[in-house]
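# Structural features, examined
In case you want the letters, here they are:
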Amino acid sequence: MSGLQWRRLRYSLYSPFYDVLVGFDRVRRRSVELASPRPGERILIPGAGPGRDLEFLPGGVEVVTGDLAGGMIRQLRRRGGRVEERTGSTIQVMEMDAQATGLADASFDVVLLHLVAAVVADGRACLAESTRVLRPGGRLLVFDKFAPEDRPLSLLRRVANPVSRLLFTSLDRRLGDLVEGLPLTLECREAAALGGFFELALFRRRG
Ligand SMILES: C[S@@+](CC[C@H](N)C(=O)[O-])C[C@H]1O[C@@H](n2cnc3c(N)ncnc32)[C@H](O)[C@@H]1O
């Protein structure tokens with residue numbers, strides 16, 4: 001089974017419980033606040049899972065969102081329909097690989113990458129893809145668990161990573177490595193949850 005197939009299967013199996021177990025509503029609200037999307041702007045949410053982020057967006061925006069796992073996509077469609085009715089936004093849901101979306105260059109104002117960069121097989125490819133689809137001046141929000149930039153990986157991370165990576169998420173990725181060489185300017189990076197284990201960063205796409 002390929003890595004992509006394993007992620008698809010795994011997250012379809014998790015999908016009935018995911019929404020109950022994974023909240024982070026305060027961080028999602030903060031992320032949207034930092035992105036400050038305006039009516040009419042286009043927002044991409046790759047690897048959206050059951051789509052909890054949609055609940056925090058303002059009305060009148062145009063959202064394209066997707067996931068790899070069928071179970072997640074079904075929930076995303078249901079939630080997308082409800083949010084569309086309530087807010088007047090348009091929400092397009094598709095099967096999507098966050099590392100290669102097939103979407104046009106520079107076609108989004110905002111990309112929300114929440115709990116995806118450390119989950120996909122190739123975090124650098126995922127960040128490069130999010131950057132490619134952003135217009136110059138567009139905002140990229142990255143929320144995830146990253147290893148500290150300035151010191152070696154802790155023993156705990158090294159020991160736990162093989163199992164964690166297989167079942168949930170990588171613990172050895174550094175945000176600085178993922179964005180190195182990309183035309184992004186870091187505007188803000190802050191502790192998001194669990195005493196800074198999870199972080200939230202705002203980048204702006206350079207022209
Ligand atoms: C930890 S969940 C995060 C879900 C959601 N973004 C959130 O904030 O709750 C990771 C999600 O990424 C999806 N995923 C994994 N690899 C992917 C890929 N290559 N492309 C798109 N989605 C992917 C999984 O199916 C899962 O729904």
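A brief report on the enclosed structure follows.

Rules behind the numbers
- Residues numbered from 1 in each chain as written.
- Predicted model: local features only at pLDDT ≥ 70, side-chain atom pairs only at ≥ 80, totals over all residues.
- Heavy atoms only, no water.
- Helix = DSSP H or I, 4+ residues; strand = E, 2+ residues; numbered from the N terminus.
- Contact = heavy atoms within 4.5 Å.
- Pairing = 2+ DSSP bridges.
- Near = heavy atom within 4 Å.
- Polar contact = N/O pair within 3.5 Å; in protein donor to acceptor, adjacent residues only side chain to side chain.
- Areas by Shrake-Rupley, 256 points an atom, 1.4 Å probe, with all protein chains shown as cover.
- Nonpolar A, V, L, I, M, F, W, Y, C, P; charged D, E, K, R; others polar.

### Let's talk about the side chain of Thr 169
Looking at the element boundaries, Thr 169 is found in the loop between helix H5 (155-167) and helix H6 (175-179). Once you skip the residues sitting within four places of it in the chain, Thr 169 turns out to touch Ala 118, Val 119, Lys 145, Asn 161 and Ser 164.

### Section: the pairing of strand E6 (residues 184-193)
Note that E6 and strand E7 (residues 198-205) share eight bridges and pair antiparallel. Paired with Cys 188 across the two strands is Leu 202, which belongs to E7. What sits between E6 and E7 in their antiparallel hairpin is a turn of four residues, with Leu 194 showing a positive phi close to 50 degrees.

### Topic: the site of the ligand
Taken together, 20 residues sit near the ligand, with Tyr 18, Gly 47, Asp 67, Ala 98 and His 114 positioned nearest. At a separation of 2.8 Å, a nitrogen atom of the ligand approaches a polar backbone atom of Ala 98. Contact between the ligand and His 114: a nitrogen atom at 2.7 Å from a main-chain N or O atom of the residue. Relative to its unbound accessible area of 590 Å², the ligand is 97% covered by the protein chains. Per element, the largest residue contribution to the shell around the ligand is three residues, and it comes from helix H1 (residues 3-21). Among the residues making up the shell around the ligand, the classes are represented as twelve nonpolar, four polar and four charged.

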